[in-house]
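Listed below, chain by chain, are the residues.
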Amino acid sequence: MRKIGSIIALINLIILSSCEQPFEPKTKYVPKLVVYSIIDPRQSDMIVRLSHTYDPPGYDPDEYRGPLLVPDASVTLRSSSGETFTLAETTLIVPDIHGNLFVSAYVLKQIKLREAERYFLFISARDYPAVSASTIVPAIQYITAESVLQEDAALEICHCYQFSFTFYAGTAPKGYIARLWIRYSVDTTSALDSIEVPYSIEKQGERILATYPQLDRLADSQEESLSYTRDAVTWVLEQLASRVGDPHKIRIKGITFHLLLLDQYLYNYYSVAHGFNDPLTVRTDTPDYSNIEGGLGVFGSLAHRSLSLKLPHSLLQRFNFVDDQ
Amino acid sequence: MPIYYRLRTKFARGELMRRVLRYAFVVLFIVVHAHLQGQAQRGIVHGTVTDSATGTAIPFANIRIEGTDFGTACDAKGYYVLPSLPLGRYELTASVVGYRSQTKSVRVFGGGITICDFQLQVSPVQLGAVERIGERRESASETNISVETVGRREFELSPTPVQPDVFRTLMTLPGVQTTSDISTQFYIRGGSGDQNLIYLDGMPIYNPFHALGLFSIFDGSSVRAAELYKGGFGAEYGGRLSSVLNIITRQGNKNRFGGNVGMGLVTGRALFEGPLFWEGSSWLLAGRKSFFGGILNRFIDTRNYPFNFYDAVANLDIRATEKTRLGVHGFFTGDRLANVSLLEPDYEWYTNAISVDLRQIFLEGQFYGDFAFSETSFRGSLNPKSHPTLKPMTSSVLDRMLRADATYVLGSGDQIGFGALLHIVDVGYSLVNSAGISLTNDDALPEGALYWKYKFLRLRNLVADAGLRLYYTDLLDQAHAAFEPRLSLRYHLSRSFAVKGAYGVYHQRLITLSNEDNLVNLFEMWYALPPSKGFPAEEARHYVLGAEITFSPAFDVSIEAYEKPMNVLIGYNLDKVDRYDPDLIQGTGNAAGLEILLRYQFSALQGWISYAYSRVMKTFNNVTYPPRYDRRHDLHVIAGWAFAPGWELSAQWEYGSGLPFTQIAGYYDRIPLDGVLGGSGYIVEPGAPFIVLGEKNAGRLPVYHRLDIGVQKKVEIGEIKLVVKGSIINVYNRKNLFYFDRATGRQINMLPFLASFDLSAEF
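Every chain is numbered on its own, with residues counted from 1 as its sequence reads. Chains carry letters from A onward and ligands carry numbers from 1 onward, assigned in written order. The predicted nature of this model means local features are confined to residues of pLDDT at least 70 and side-chain atom pairs, given and counted, to a pLDDT of 80 or more, with totals for whole chains, interfaces and linings taken over all residues.

Chemist: Before we move on, could you go through the overall build of chain B and cite the residues and values that matter?
Modeler: The way it works is that DSSP assigns letters per residue, a run of H or I at least four long becomes a helix, a run of E at least two long becomes a strand, and they are numbered from the N terminus. A tally of regular secondary structure across chain B gives 5 helices and 46 strands. We call two residues in contact whenever the C-beta atoms placed from their backbones are within 7 Å. Pairs at least 24 apart in sequence give 63% of the contacts found in chain B among residues at least 6 apart.

This is how it looks when you write it as structure tokens:
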């Protein structure tokens, strides 16, 4: 009986000691600034979008109903050559799931930031740890059309467009996307429109598989070259003709090659946020990326350059398009 | 050039393998010849140990020569050999847990062969009977390091939800961990779940879990015994880094038709067996099917999965000749979880396996071999239906294996073992990846292995088992070879005190892929790492040191300390940015720990106490973190009390320190910058909520503890043996956390207070 008593006593002890231990899925919340800013020569203004992290009462982020504005922040841009710019506060209209209509933005109006320059971003705001980040704006040296579609296709001098470009090594861009657009309008009254040319097309039975340019990582060399097949150009013109119906209404304005070079931070952020930009990955996770010291988001830069060319007149005639180049 | 690379180059060309084989055969010839010459003044005793009622082989029984320290252990087929005994008369005793010991007198003639078979009678649990549970195999012939053998007696002693289960019993042993009540996924000594090699009658089994893991796919009533090698395992096993679980199902009754039917809270089962036309041959069919799934769902605080599963075992055991036995095994299992709600995913997984094995005894019995072919197919799928975050996924494995194993028992008592294995694994998967693209792929992983081992038994106090495994993969493409030396030793300092140690090198090329940030992964995808993909094999080394102290036949303690450096692990590349960065990279890991197992019996009270301390860390991309199964402290107290004839009360208390998880550090609205490549639209792009995670696995879940009790009554009514078992799981209704859904904050607990029953009738 003593043994039974001991066992019962032990069980009681266990039961008494089994008080629930609190489970805390959240670590101590420390608010951080969230920064989105891209030095983009396509924009006349430089804009820094600024918000902050939040901690909803539960675990559903929709539950957070507070503002995400960060007013009265000090946002400073410095260049490696010693220039300092202070950005002015404003707001952008961006509705969000928390019921907010506006987001804080800090703007540097009509600024022309230089390529190949390193810029440092410093932000401090009350109640948040200060953050900083830097980027070197990529610099495109030149773009050349190595070969273009020739007027007389019968000579078979060239069957494709081939472009090459170089960049300044010190700017160390990481990614690029090169896109070729045929510019056109329908009748004389309609606005200018454009249709993209794929790198190549492949016939798979009845189907056509078109390979369009994607964001890609630059090779180690400072020069890249890429090409668009003649079949791809012809296929796009066929698509255009069938889309509009009456080819005589289509006025071809030319063909333009656009090149974007992305710095490493913007490239990394974009790739990670888009499933590693990898159609063959076996990964199913969704990680995050940031180059903001002490915060979240991205501060990156890009360079843009374009080159316009003419399409062969004989080719347009074949489709009964109006040559308006 | 370092010697390792020279050897590897030679091996890749096949030169070394041919040379090793040549030497092995020469050595074998010399020892066999010498043995036969010296056999004239000595004799051999061999035989099998079987169940007296059913005629089925009893694996791992101990054979002891009375009055000496000499003995041996039966193999998995109940066969034993006592070689080269001096002429004379001996008293041999066969013993194994669950059976009455039997002693027989044998006379050994010069140069002769004596066959001594044992037919043991089942021993009911008796008041005061000394019958150690978890009894180790004969210590005079086995190093017994890091191996646990459990049988039906241990299954009976472990109170389990719904019905006895092999895996649940194994999880009460030190060094075997699980992350929840409702998962039979297990982790051995800091290894991940995919590092456990599971054989059922020689057939490799993948994902051996039923719905929600409440059951393993092995029905306890058809399992005869299970051996678990937790580390330092011998050269005959390979292909996994952490452990080998060898499950042996029952052979059919060779004497008469019989059966066993039973039902528990959610399943019904039946087993039928009987003799075949040929003498000493039998058949067995067993099946289990779920029903009343809704009953259990009422008790389980988790997703309302409708249980629907089955498993079936079919065995043929044919005695072809005096020295030849043929076994045919089939194993079929399936799970289908079809949810009514469109927001809840559906899961399906199936395993079908067959094998044929031949046991052939050569010479006078001291040389025997096993030849086996098996084919296992596993396929699983996840259909998310309208679930907001899950994506469809399938995984399949087709494993074909041909193997031959032979053992030669020398006159000195030493044993030579050698064998070869050819293994072709086709691994397929389909998924929707992080980029939102559907992906399908198939890989073939051809593997070969040759092994040789020498068990040194001639010294009275020393048992040594040394071996070398030559692992060969991708023979037709980019051949890769690896050498895996194995060594285990046991030295008896006295009759009651032994020290032991083991060392081994292990490689693995078949892994599962899962997101470490998920707290629970119900579906893990198998993934092959052939050399053609540029992956090295995962590699681990085992260092084990231990001691055994036997205070009395009813009380002993085993202590083992281990370290398992994992020099090569393959896991997610945490720094992957784009398609030029590999998905997976090489990392490292280390596991170390201490295990104590204390087995006791005081009068009618018996059981065991196990404690394990372990520390596991992994390093990938220079980030070092504890994996999600890093449980530092694990304690199990098991007790069985036969308080009246036919009655037994059992209790189990377990305690586990908190498991790691990654905490939430906040939220922010992440902007995908979709429009940045096209123009300026990205400036006003809306963000989507994104969880900011804290330091990887820096948080700890609350500690886990639970008390289960069970009572069992055995009744015999004529020819029918009834066993009624009632269990209460989680007696004090501890709310142990199972799962936390970061997206919704929903907390799901493990099993609450749950009363269940199990009734079985054997005839």
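Now that the structure is up, let's keep going.
Chemist: I'd love a proper account of the overall build of chain A, names of residues and values included.
Modeler: What chain A contains, in helices and strands, is 4 helices and 19 strands. Here chain A, with 325 residues, has 33% of them falling under the buried criterion. Sequence-distant contacts in chain A: of pairs separated by 6 or more residues, those separated by 24 or more amount to 68%. Three exposure classes are used, based on other C-beta atoms lying within 10 Å of a residue's own C-beta, which is placed from the backbone: buried for 20 or more, exposed for 12 or fewer, and partly exposed in between.

Chemist: Before we move on, could you go through helix α3 (residues 264–273) of chain A and cite the residues and values that matter?
Modeler: In an α-helix, one full turn covers 3.6 residues, which means residues spaced three or four apart are oriented alike. Residues and elements named next belong to chain A. Counting buried residues along α3, 10 of its 10 residues qualify, which places the element largely inside the surrounding structure. Three or more residues of α3 are buried, namely Q264, Y265, L266, Y267, N268, Y269, Y270, S271, V272 and A273. Packing partners of the buried residues in α3 comprise β1 (33–39), β8 (128–136), β11 (175–186), β17 (250–262) and β18 (296–309). Trailing α3 by a residue or two, G275 shows a phi angle of about 60°, which is positive.

Chemist: Before we move on, can you summarise the nonpolar core with the specific residues and values?
Modeler: Grouped together as the largest cluster of nonpolar side chains are 128 residues, with contacts concentrated most on C74(B), L170(B), A226(B) and I247(B). With 6 residues, the single largest contributor to this core is strand β24 (residues 415–432) of chain B. Each of two domains, domain 1 (3–120) and domain 2 (147–662 + 697–762) of chain B, supplies a minimum of three residues to this core. If near-sequence neighbours (up to four positions away) are discounted, I247(B) is found in contact with V166(B), Y199(B), L200(B), F218(B), V223(B) and A226(B). Membership of the second largest hydrophobic core comes to 82 residues, among which are Y54(A), V236(A), V298(A) and F299(A). Each nonpolar core comprises buried Ala, Val, Leu, Ile, Met, Phe, Trp, Tyr and Cys residues, the members being joined through C-beta atoms within 7 Å. For the domain bounds, the source is a domain assignment made automatically or taken from a database.

Chemist: Any details on the sheet that holds strand β5 (residues 88–95) of chain B? Residues and values, ideally.
Modeler: All names here are of chain B. On the basis of which strands lie adjacent, the open sheet formed by 4 strands has the order β3-β2-β5-β6 and antiparallel pairing. Each of the sheet's edge strands pairs with one partner strand only, and the pair in question is β3 (71–73) and β6 (102–108). Pairwise comparison of adjacent strand axes, ignoring direction, gives a mean angle of 20° for this sheet. We treat two strands as partners when DSSP finds at least two bridges between them. Bridge count for β5 against β6 is 7 bridges, and the pairing is antiparallel. If you follow G88 over to β6, its bridge partner there is V108. What counts as an axis is a line fitted to C-alpha atoms, over the stretch in contact for a helix, and the angles between N-to-C directions run from 0 to 180 degrees.

Chemist: Residue-level account of helix α2 (residues 230–244) of chain A, with values.
Modeler: Residues and elements named next belong to chain A. The span you would expect from a helix comes to 1.5 Å times its residue count less one. Taking 1.5 Å per residue, 15 residues should reach 21 Å; α2 reaches 22 Å between its end C-alpha atoms and fits that length. Buried within α2 we find A232, V233, V236 and L237. Seen from one end, α2 has its buried residues packed into an arc of 135°, which puts them on one side. Facing away from the buried side of α2 by over 90 degrees, the exposed positions are E238 and S242. Where α2 is buried, its residues contact β11, β12 (193–197), β13 (200–204) and β16 (223–229). Note that the arc is computed from the directions linking the helix axis to the C-beta atoms.

Chemist: So what's going on with the environment of T333(B)? Which residues, and what values?
Modeler: Residue and element names in this part refer to chain B. Within the secondary structure, T333 is located in strand β20 (residues 324–337). Each C-alpha atom of the pair T333 and Y613 lies 35 Å from the other, and the pair is 280 residues apart in sequence. For T333, the contacting residues outside a window of four places in its chain are I217, Y310, D311, Y350 and T351.

Chemist: Which residues make up the domain arrangement of chain A, and what are the values?
Modeler: Residue and element names in this part refer to chain A. Each assigned domain of chain A is listed here: domain 1 (33–136) and domain 2 (141–290 + 301–323). A C-alpha centroid distance of 32 Å is found between domain 1 and domain 2. Tallying the contact residues gives 9 residues for domain 1 and 11 residues for domain 2. Of all elements in the fold, only β1 and β8 reach the threshold of two or more residues within the side of domain 1 that touches domain 2. Its residues assigned to classes, the side of domain 1 that touches domain 2 comprises 5 nonpolar, 1 polar and 3 charged. In this count, Pro and Cys sit with the nonpolar residues alongside Ala, Val, Leu, Ile, Met, Phe, Trp and Tyr, while Asp, Glu, Lys and Arg are called charged and the others, Gly among them, polar.

Chemist: Describe the sheet that holds strand β4 (residues 84–86) of chain A, with residues and values.
Modeler: Residue and element names in this part refer to chain A. An order of β4-β3-β7-β8 is seen for the 4 strands of this open sheet, with the pairing classed as antiparallel. One side of each edge strand has no neighbouring strand; the edge strands of this open sheet are β4 and β8. The mean angle between the axes of side-by-side strands here comes to 15°, regardless of whether they run parallel or antiparallel.

Chemist: Give a detailed account of unusual backbone geometry, specifying residues and quantitative values.
Modeler: Phi is positive for N277(A), close to 50°, though the residue is something other than glycine. Following the sequence through the fold, N277(A) ends up in the loop between α3 and β18. Classification of N277(A) by C-beta neighbours within 10 Å gives buried; the count is 22. Of note in the backbone geometry, N697(B) takes a positive phi value of approximately 50° without being a glycine. Topologically, N697(B) is positioned in the loop between β40 (688–693) and β41 (699–700).

Chemist: So what's going on with the environment of V131(A)? Residues and values would help.
Modeler: Residues and elements named next belong to chain A. Within the fold, V131 resides in strand β8. Residue V131 is classed as buried on the basis of its C-beta count, with 24 C-beta atoms lying within 10 Å. Spatially, the C-alpha atom of V131 lies 11 Å from that of S74, the residues being 57 residues apart in sequence. Setting aside its immediate chain neighbours within four residues, V131 contacts L33, V35, I123, I292, E293, G294 and G295.

Chemist: For the confidence of the model for chain B, give the residues involved together with the corresponding values.
Modeler: Low pLDDT marks regions whose predicted coordinates should not be analysed in detail. Residue and element names in this part refer to chain B. pLDDT is a residue-level measure of predictor confidence that goes from 0 to 100. Mean pLDDT over chain B stands at 83; residues scoring 70 or higher make up 85%. Mean pLDDT in chain B bottoms out at helix α1 (residues 3–13), which sits at 45, and peaks at strand β39 (residues 664–670), which reaches 95. Across the interface, the model reports ipTM at 0.89; the global pTM reads 0.86.

Chemist: Describe in detail the pairing of strand β5 (residues 88–93) of chain A, supporting the description with residues and values.
Modeler: Side-chain direction in a regular strand flips from residue to residue, so the side chains alternate between the two faces of the sheet. Residue and element names in this part refer to chain A. Within β5, only 0 of the 6 residues are buried, which leaves it mostly out in the open. Sheet analysis places β5 next to strand β6 (residues 102–108), joined by 6 bridges and oriented antiparallel. Note that in β6 the partner of T91 across the bridge is S104.

Chemist: So what about the environment of S200(A)? Which residues, and what values?
Modeler: Residues and elements named next belong to chain A. Following the sequence through the fold, S200 ends up in strand β13. Owing to 17 C-beta atoms within 10 Å, S200 belongs among the partly exposed residues under this scheme. When the C-alpha positions of S200 and P312 are compared, they lie 19 Å apart, and in sequence the two are 112 residues distant. If near-sequence neighbours (up to four positions away) are discounted, S200 is found in contact with T211, T229 and A232.

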